[in-house]
Structure formats: C-alpha cells, structure tokens
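Residue-level structure breakdown
Spelled out from the first residue to the last, the chains are:
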Amino acid sequence: MIGITGASGVLGKIICNKLEKDNIEFSTFNTDIRDDNAVIDWVKNNKLTYIIHLASKVAVSDVENNIHEAYDVNISGTINLIKAIKIHNQPIGFFYASTSHVYESSSKILNESDTVNPINSYGLTKWMSEMLLNDFKKKYSNINLCIGRIFSFYHKSQLPPFLYPNLMKRFEEEDLSKPFKLFGANSTRDFLNAEEACDIIIKLVLGNYEGTINIASGKSIKIIDFAQKMAPQKINFDFDDTETVNHLNADISLLNSIIKND
C-alpha cells in the first residue's frame with residue numbers, strides 16, 4: 001500500500017488520479033502532518049510499504065511570511081514520519097519531495113552533487129529535511145530513500161502566488177498594451193508541467209529507485225521568456241535591471257539514465 005501526504009496539493013491530486021487510473025492501491029493522510037499520533041496511526045493501520053511525502057508549505061512568499069509555521073510543517077512533519085517508520089519497524093520505501101531551491105544559484109546546469117546553499121527559507125526547510133532523512137537512513141537500513149529535487153513546475157490547477165497562475169490572472173485582468181512589471185525577469189529556471197513531474201515521481205516510486213535525483217525538463221529559460229511564451233500577445237515588459245538575478249537549472253543526465261533503463 002502506498003501512502004501519500006499532501007494529497008490535496010497540485011502534485012498530490014495528480015498522483016492520486018494517476019494511481020487510481022492504474023488501479024494501484026494508495027492511502028492518503030488527511031490530517032495535520034504535525035500531529036505525530038495521527039501520523040503513527042496512519043502508517044501502522046494501513047500497513048504502508050511506501051510513502052510519498054508531499055505535504056509542505058511551498059510558496060516562497062508564504063514561507064517567508066510564516067516562517068515559524070513553515071519550519072513546523074516542513075521539518076516537524078518529516079520528523080513525525082521518521083518516528084512512525086521507526087515504530088512500524090518494517091521495510092518501507094520513501095519518496096521525499098524536495099526542491100531545486102536547496103542548490104546554490106549557478107550559471108551552469110546543476111547536478112545532484114553540486115553545491116547545496118539554499119537560496120531562501122523554503123529551500124532551507126527542505127534541505128534540513130533531506131539531512132534528517134539521510135541521517136535516519138544511515139541508522140535504519142529498512143528504509144529505501146529517494147529524494148526528488150523538483151525544479152519549477154506549473155499546472156492549470158495552480159493558484160497564486162505561484163508564478164504561472166499569477167501570470168495567467170494578470171494577463172486576464174491587466175491592460176497588456178501598457179508596460180507589464182515583472183519581478184525576477186532575468187533569472188532563469190527549469191519549468192516542467194506538473195503532469196510530467198508526477199509521471200516521473202511515479203516511475204521512481206514503482207521502480208523503488210534510491211538516491212537523490214533532479215526532477216526537471218532539462219531546459220533553461222529566462223522568466224521573462226517563460227512569461228512571454230504564456231502570454232496571449234506580445235508584451236512590453238517593465239523590469240529592474242539592477243535586481244538580484246539567480247539561476248536554478250537542472251542537469252537531468254541521471255534522471256534520463258533511470259527512465260531509459262526503466
């Protein structure tokens with residue numbers, strides 16, 4: 001039985017739909033991930049053999065504005081799952097949804113062994129959970145751990161403040177004949193449709209892959225170019241040339257080798 005936390009989120013809903021379509025049994029955790037007793041009961045009562053841990057505060061602005069809650073959810077939630085696995089004391093697979101935000105900004109494409117230096121508090125919470133899980137793995141050999149560092153994803157079901165839905169909303173509401181203010185215009189990202197990201201996650205889970213893996217498209221694009229690509233017409237962008245520019249773009253050689261051999 002596969003257990004899924006964060007099943008109400010964008011990735012969670014897509015993964016549940018895909019598993020259901022393929023007649024793969026799963027159980028969703030629908031309580032507060034900070035409730036350790038509820039987590040322990042869920043793992044035990046459903047006899048889980050694999051956990052996909054997606055539950056998290058994700059939006060960077062939301063994390064920065066509610067840092068105490070972000071630490072509580074993103075880190076304490078992971079600790080509660082570790083506690084439950086230890087109490088359950090059975091072999092189990094574990095997929096942890098981490099992020100590209102754990103990496104240090106770099107003009108080159110990033111592989112899994114590159115420098116970790118989180119660019120924001122969200123990335124820091126994810127890196128801390130990665131370290132906790134890897135430390136637990138050293139002490140508890142019954143866990144098969146896969147850490148997926150997911151780069152930027154987008155989907156029609158997303159809501160603001162994420163970039164894609166925020167752009168879609170602004171394209172509908174603003175006069176696009178006027179200058180369009182865009183923060184981070186010259187920063188670059190690797191964007192992947194959430195449906196494709198979930199297909200990759202499911203392949204990693206069903207293949208019982210172990211290790212840290214970038215989940216991305218392997219294609220770099222400036223945020224300004226991504227915005228123009230999504231826009232209904234040619235946009236006159238207004239942006240600040242002096243603002244901080246950062247780059248998070250993925251080397252997916254390892255991912256390609258896994259999928260190719262799948």
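Above this text is the structure in question.
Notes on the structure follow. Quick caveat, the model's predicted, so the values are computed rather than measured.

The rules behind these values
- Residues numbered from 1 in each chain as written.
- Predicted model: local features only at pLDDT ≥ 70, side-chain atom pairs only at ≥ 80, totals over all residues.
- Heavy atoms only, no water.
- Core = buried A, V, L, I, M, F, W, Y, C linked by side-chain atoms within 4.5 Å.
- Buried < 20%, exposed > 50% of the residue type's maximum accessible area, 1.4 Å probe, protein only.
- Helix = DSSP H or I, 4+ residues; strand = E, 2+ residues; numbered from the N terminus.
- Contact = heavy atoms within 4.5 Å.
- Pairing = 2+ DSSP bridges.
- Axes fitted to C-alpha atoms, helices over the stretch in contact; angles between N-to-C directions.
- Parallel < 35°, antiparallel > 145°, perpendicular 65-115°, else oblique.
- Left-handed = near helix turned anticlockwise from the far one by under 90°.
- Nonpolar A, V, L, I, M, F, W, Y, C, P; charged D, E, K, R; others polar.
- Disulfide = S-S within 2.5 Å.
- Polar contact = N/O pair within 3.5 Å; in protein donor to acceptor, adjacent residues only side chain to side chain.

The tendency in soluble globular proteins is for nonpolar side chains to be buried side by side. Residues I4, I15, I52, F95, L204 and I215 are the most contacted members of the largest nonpolar core, which totals 38 residues. Those elements that provide at least two residues to this core are β1 (2-5), α1 (10-21), β3 (50-53), β4 (92-99), β5 (143-150), α7 (194-206), β10 (211-215) and α9 (253-260). In terms of residue count, α7 provides more of this core than any other element does, eight residues in total. Discounting chain neighbours no more than four positions away, the residues touching F95 are Y50, I51, I52, H53, C146, G148, I201, L204, V205 and I215.

Neither face of β1 is left uncovered, since the one carrying I2 and I4 and the one carrying G3 and T5 both have all their residues buried. Relative to strand β2 (residues 26-28), β1 runs parallel, the two being bridged by three bridges. Residue pairing across strands places I4 opposite T28, the latter belonging to β2. As defined by bridge partners, β1 adjoins β3 across four bridges and the pair is classed as parallel. The residue of β3 that forms the bridge with I2 is Y50.

The next subject is the sheet that holds β3. Whenever strands of a sheet pair, they do so through backbone hydrogen bonds, lying parallel or antiparallel. Taken in spatial order, the six strands line up as β2-β1-β3-β4-β5-β10 in an open sheet, and their pairing is parallel. The sheet terminates laterally at β2 and β10, the two strands that pair on one side only. Averaged over all adjacent pairs, the angle separating strand axes in this sheet is 20°, with direction ignored. The strands touched by helix α2 (residues 36-45) within the sheet are β1, β2 and β3, with β1 carrying the most contacts at an inclination of about 160°.

Running from N to C, helix α4 (residues 67-88) and helix α5 (residues 121-139) point in directions that differ by 15°, and their axes come no closer than 10 Å. Taken together, the axes of α4 and α5 lie roughly parallel to each other. With respect to the hand of their crossing, α4 and α5 are arranged in right-handed fashion. In contact with I67, A70, Y71, N74, I75, T78, I79, I82, I85 and K86 of α4, α5 contributes S121, Y122, L124, T125, M128, S129, L132, L133 and F136. Looking at the contact of α4 with α5 residue by residue, the class counts come to 13 nonpolar, five polar and one charged.

Using the criterion set out here, one finds zero disulfides in the structure. Of all cysteine sulfurs in the structure, the one in C16 sits closest to C198, which takes part in no disulfide; the separation is 9.4 Å.

Let us now look at the environment of T115. Among the secondary structure elements, T115 is positioned in the loop between β4 and α5. Separated by 13 residues in sequence, T115 and V102 have C-alpha atoms that sit 8.8 Å apart. Apart from the residues lying within four places of it in its own chain, the contact partners of T115 are Y103 and E104.

A separate point is unusual backbone geometry. Cis geometry is found at the peptide bond from P160 to P161, where omega equals 20°. By the element assignment, P161 lies in the loop between β6 (153-154) and α6 (163-173). Here N23, not a glycine, exhibits a phi torsion of approximately 60°, which is positive. Looking at the element boundaries, N23 is found in the loop between α1 and β2. Judged by its relative accessible area of 71%, N23 is exposed.

Right, let's get into α2. Considered for burial, the residues of α2 that qualify are A38, V39, I40, W42 and V43. Those residues of α2 hidden inside the fold are in contact with β1, β2, β3 and α4. The opening residue of α2, the one whose side-chain oxygen lies 3.3 Å from the backbone nitrogen of N37, is D35. With its phi angle positive at about 45°, K47 sits one or two positions after the end of α2.

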